[in-house]
Amino acid sequence: MTLTDFKKLKLPDEPGVYFFRGRSKEILYIGKATSLRDRVKSYFSPDLIFTRGPVIEKIVSEAKTVTFLIADSVLEALILEAKLIKKHQPKGNSMQKDDKSYNYVVITKEKFPRVLLSRGKDVPRDFPPKNRLYIIGPFPEGSLLKAGMRIIRKIFPFRDTCVPGQGRPCFNRQIGLCPGVCSGEISEALYKKTIRNLILFFEGGKRTLIGDLSKEMKTYAKAREFEKANETKRTLFGLEHIQDIALIKEEPSLHKEGSFRIEAYDIAHMGGKEMTGVMVVIEDGKAKKTDYRKFRIRTISGSDDTGALKEVLSRRFRHEEWPLPDLIVVDGGVAQRNAADRVLEKEKFKIPVISVVKDERHKPRDIEGEEALVRTHRRGILLGNAEAHRFAISYHKKLRRRKFLPG
């Protein structure tokens, strides 16, 4: 497809799910959008290979048309996307990310079921079929899923980690996100009814759910059970007025239209002591200091820079809530780049790695990696590398001063 082909499509400015389809109408890729029109249009920018990568560029070039489904909200588009990816298993989605790296919502099979998030690679071990009541996924973006679950939990308060009948309200109970499983304020039957409603919502049954709750509210009111009627009314209002502005805000931080996120890493130490690592972020050519992160090295002793880098990257990719980078920059040569590649392979991510080689004065001498990426993002690569070095040295000095302060 080309931009000319896109302009012939009549895509609405509404949330929903879109499908890139091939010559025989087969689904090549599924995605969700806050605005179907704006999201799909972004795939026809001239720098697509750099902003979205070679897999997506190939999908767009192979596609013959785009179809879509409109959703009532961004939250429902998020859920619908996961269900459709599971149903159709498009090659573009599986090529972009390994199934084990996707995210799932699991509801456990217990007296008071828990609602939990899990990575695909952990589901078979932690939640075998006999121990789970329901599972939905895969969800491509962990941070979006977490934002979505925060919205859902306000409509259907559920238990995650608190202990049933522990006698005191957990923190989530105090802020209205747990229905009182911990403090014994809700019966098993009433709680399981909430879980059934939650599953019905996940299954796309919002309209049915609204109808059922409306009847239920009137029944409670007629029986003068006003507390239960008000609780049902609250749930009903939440469903009819889904407040998903958090998802609209979250989506650009994961993949702003046309944006490019570089993460640069560096290690600092003195003879192997007080070893530290840092991550800095360059987005659209500018330092994004709110996303900078520090790591105290835990598993490496001595001057093992590549080992420390592997630890930092491994810990970084446990944070599903952090936006994924389009490019990783490491300080060093082939050894550092290979170390990063091994971590990415283990974690099932396909992200290009660039290394910046320094001279004896610690000045950039060469940039190694995919030439097209180096040409396009040279300034951002060098800025990220310089910022990572500055940030690592600053953090290392702070730790050393703290260690030698009199106590």
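Everything below is about the structure shown above.
Every value quoted in this text rests on a predicted model; they were computed, and no experiment measured them.

The rules behind each value
- Residues numbered from 1 in each chain as written.
- Predicted model: local features only at pLDDT ≥ 70, side-chain atom pairs only at ≥ 80, totals over all residues.
- Heavy atoms only, no water.
- Buried < 20%, exposed > 50% of the residue type's maximum accessible area, 1.4 Å probe, protein only.
- Helix = DSSP H or I, 4+ residues; strand = E, 2+ residues; numbered from the N terminus.
- Pairing = 2+ DSSP bridges.
- Axes fitted to C-alpha atoms, helices over the stretch in contact; angles between N-to-C directions.
- Contact = heavy atoms within 4.5 Å.
- Expected span 1.5 Å × (residues − 1).
- Phe/Tyr/Trp six-rings, centres within 6.5 Å; stacked < 30°, edge-to-face > 60°.
- Lys NZ or Arg CZ within 6 Å of the ring centre and 35° of its normal.

Some details on the pairing of strand S1 (residues 16-21)
Here comes step 1: Within S1, six of the six residues are buried, which leaves the element mostly enclosed by the surrounding structure.
Here comes step 2: Judged by which residues are buried, S1 turns out to be covered on both faces: Gly16, Tyr18 and Phe20 on one side and Val17, Phe19 and Arg21 on the other are all buried.
Here comes step 3: Where S1 and strand S2 (residues 27-33) come together, six bridges link them in antiparallel fashion. Directly across from Tyr18, in S2, lies its bridge partner Gly31.
Here comes step 4: A loop of five residues connects S1 with S2, the two strands running antiparallel in sequence, and Lys25 in this loop sits at a positive phi of about 70°.

Some thoughts on the sheet that holds strand S3 (residues 65-70)
The strands that make up a sheet pair up through hydrogen bonds in the backbone, lying either parallel or antiparallel.
Here comes step 1: The three strands are arranged S2-S1-S3 in an open sheet whose pairing can be described as antiparallel. At either end of the open sheet lies a strand with only one pairing partner, and these are S2 and S3. Here the strands of the sheet are splayed against their neighbours by 20° on average, with no regard to which way each runs.
Here comes step 2: Sheet topology note: the S1/S3 ladder contains six bridges and is antiparallel. Of the residues in S3, the one forming a bridge with Arg21 is Thr65.

Comments concerning unusual backbone geometry
Here comes step 1: Of the consecutive residues Gly137 and Pro138, the connecting peptide bond is found in the cis state with omega at 10°.
Here comes step 2: Mapped onto the secondary structure, Pro138 falls in strand S6 (residues 132-139).
Here comes step 3: Positive phi, close to 45°, is recorded for Gln89, a residue that is not glycine.
Here comes step 4: Mapped onto the secondary structure, Gln89 falls in the loop between helix H5 (74-88) and helix H6 (91-96).
Here comes step 5: Residue classification places Gln89 among the exposed positions, given a relative accessible area of 62%.
Here comes step 6: We note that Asp284 has phi near 55°; this positive angle belongs to a residue other than glycine.
Here comes step 7: With respect to the helices, strands and loops of the structure, Asp284 is situated in the loop between strand S8 (273-283) and strand S9 (286-287).
Here comes step 8: Since its relative accessible area comes to 43%, Asp284 is described here as partly exposed.

Some points on the sheet that holds strand S4 (residues 103-108)
Here comes step 1: The sheet built from three strands is open, its strands ordered S5-S4-S6 with antiparallel pairing. Of all the strands in the sheet, the pair left with one neighbour each is strand S5 (115-119) and S6. Each strand of the sheet is rotated relative to its neighbour by a mean of 25°, with strand direction disregarded.
Here comes step 2: Alignment of S4 against S6, held across five bridges, turns out to be antiparallel. Residue Asn103 lies in a different strand from S6, and its bridge partner there is Phe139.
Here comes step 3: Docked against the sheet, helix H10 (residues 188-202) engages S4, S5 and S6, running at close to 30° with respect to S6.

Some points on the environment of Leu213
Here comes step 1: In this structure, Leu213 sits in helix H11 (residues 206-222).
Here comes step 2: As for Leu213 and Lys233, which are separated by 20 residues in sequence, their C-alpha atoms are 7.8 Å apart.
Here comes step 3: The residues touching Leu213, leaving out its near neighbours within four places in the chain, are Asn197, Thr232, Thr235, Leu236 and Leu239.

Focus: H5
An α-helical segment advances 3.6 residues per turn. Residues three or four places apart therefore align on the same side.
Here comes step 1: Look at H5: 21 Å from first C-alpha to last across 15 residues, which is about the 21 Å you get at 1.5 Å a residue.
Here comes step 2: All of the buried residues in H5 are Val74, Leu75, Glu76, Ala77, Leu78, Ile79, Glu81, Ala82, Leu84 and Ile85.
Here comes step 3: Downstream of H5 by one or two residues, Gln89 has phi in the positive range, about 45°.

Here we look at the packing of aromatic side chains
Here comes step 1: Evaluated as defined, the whole model comprises nine aromatic pairs.
Here comes step 2: Ring centres of Tyr18 and Phe20 lie 6.1 Å apart, and the angle between their planes is 90°; this geometry places the pair in the edge-to-face category. Here Tyr18 and Phe20 have matching classes, each one buried.
Here comes step 3: Of note, Arg293 hangs over the ring of Trp322, and the distance from its end group to the ring centre comes to 4.9 Å.

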